[in-house]
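As a plain string of letters, each chain reads:
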Amino acid sequence: INAEYGDTSTLRIYYKLSTKMLLLTTLLACLVATAQATETVRMSFGQRGLDFAEDVAVYMTDIIRDIILNELDIPSMTVSGATLSNLEINQMDIPRPQLTIVPNTGINMKSDGVAVQLTGNWQYGWFGGSLSLSASVVVDTTAGVKADMSNKRFVTEYRGCSVDFYSFSLDFHDFLVNAVVNQNDVKNELRVVVCDEIQAALDNTVNGAVNSVPKTLEIPDLPAIMFSPDRNPTFKSSYIDLPSRVSAVSESAFPFTADGISDEMDTSYMGCFILSDYTINTATYVALPKNGINIKLPNDDFATNSALLNSAYFKDTLPQLYNAYPNTAITYRIWNLDFPKVEFDKDLLMVEVPLRISIKVGGTVILSVKMELKTKGSVTIDGAHLSGAVDSITHTTTVATTLIGAVSDSKANSVMDSVLKKTIIPDLNAELKAGITLPIDEWVDLKKSLVQTHDDFLKVCADFSLTEYALKTIREIVEKEVAAFQF
């Protein structure tokens, strides 16, 4: 915002800022922390959202299986004094995992019928030979998510694992060795190994990825943003809630408090995102404090031949001005006296901006007014495109200073109405109608979406699928992780 020279687009920046805050928090709603202690953002996922996660898991496991069968080299290893070498996985079937909500606990993942066939050689002292192993197993794991308030993160938590065998056959192709080796002992050892690996993945790999995300997010043209859990997630029978705190970073305390969120997940959608007006107001408080909006007319974005720039424009509506300065060039300055306030209500998006407007002649302020500008509108979503509409604009004007004689507040209000209709309001309507495309459109296709405003919060629900770009990126990540895997 150019406070020195002015910019007629500065008020529009506020509306863009509010929209960007909404979009940004959809992506990062559960990472880092703020000082206030009430939920301001909530992400919810129903069983249909978990079904979508199953689809993603199938895509990933197909990639893993292809790499393992075609490219993965298994190094030699020593087990109970025996050296196993030339190990090769000949067949691997990974069925679609089943993800379900365990009320009050977490998420259960069941892989029913994972099958593997492996061949290789064994050597024990002077003895050796070939081996083959085939098994079909059921892996049943429960994982939770909790709020780690000390580190200000959501973290995954191991909450149980079991491995059952449909079939198991380990053949050393040697009668004596096969007779000596207790295959039940081998299966029990495998159970421990598999569950230990799952626990390590939850404790280290997943949480390591979460911890790698910066606690404070720096975004160009936006205040720094901080996120944290508000409390432990809620695992209900049909959906999961992740309650979070989201706000802009401020050097001073915010002069307002969060009202919290009271709503339930619409399980006809895969997922829902709820944003309180508190979060948006923290951004406007930081980005647009007093004088944060500073418009001077004329400037590069305002026609120099506009009728508004000559006192003749007010000959009939404000004759005091025209009579004092007939046919004289005039200039304007418009600035905010406090940060713009946003309030969501049922089917309404309301914005209140306290303004000061001055009219100058030859550098001297001849009329100055204070104004409370209020807009009421609505928000709509079409695919990944979010837009708005202004349904009504009202303002209340109070005369602050005058050098042109007495001017009533009602007269000043009428005059300022004509000024606003030719300056801020057209820009505002154009910006809201143009809207913005959600930055997730590169990653996710929204097949069905809903946007609603309620008392103190906005709610967005949607069904979604991954784009080709997202699938390509997932493949690259999985291939990198598998390539780095060590047996």
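Our subject is the structure listed above.
Residues numbered from 1 in each chain as written. Predicted model: local features only at pLDDT ≥ 70, side-chain atom pairs only at ≥ 80, totals over all residues. Heavy atoms only, no water.

Undergrad: Explain the pairing of strand β18 (residues 385-402) to me, using residue names and the numbers behind them.
TA: Across 16 bridges, the pairing between strand β17 (residues 364-382) and β18 is antiparallel. Its bridge partner being in β18, L373 is matched across the sheet by H395. Counting the residues that bridge the hairpin from β17 to β18 gives two residues, and of these G383 lies at a positive phi of roughly 65 degrees. With two bridges joining them, β18 and strand β19 (residues 436-437) adopt antiparallel strand pairing. If you follow L386 over to β19, its bridge partner there is I436. (Pairing = 2+ DSSP bridges. Helix = DSSP H or I, 4+ residues; strand = E, 2+ residues; numbered from the N terminus.)

Undergrad: How would you sum up the state of the cysteines? Please name residues and give values.
TA: Under the counting rule described, the total for this entry stands at two disulfides. Linked covalently through their sulfurs, C161 and C195 form a disulfide whose S-S length is 2.1 Å. Judged by the torsion about the S-S bond (-75 degrees), the C161/C195 disulfide is left-handed. Taken together, the positions of C161 in strand β7 (residues 153-171) and C195 in helix α4 (residues 183-211) put the pair 34 residues apart, joining distant regions of the chain. (Disulfide = S-S within 2.5 Å.)

Undergrad: Summarise the nonpolar core; cite the residues concerned and give the values.
TA: Of all hydrophobic cores here, the largest spans 62 residues; its most connected members are F314, L318, Y332, I359, L367 and M416. The contact partners of M416, leaving out residues within four places of it in the chain, are I357, I359, V369, M371 and T397. L84, M92, F168 and L170 belong to the second largest nonpolar core, which has 19 residues in total. (Core = buried A, V, L, I, M, F, W, Y, C linked by side-chain atoms within 4.5 Å. Buried < 20%, exposed > 50% of the residue type's maximum accessible area, 1.4 Å probe, protein only. Contact = heavy atoms within 4.5 Å.)

Such coordinate-based values are descriptive only and should not be taken to indicate function.
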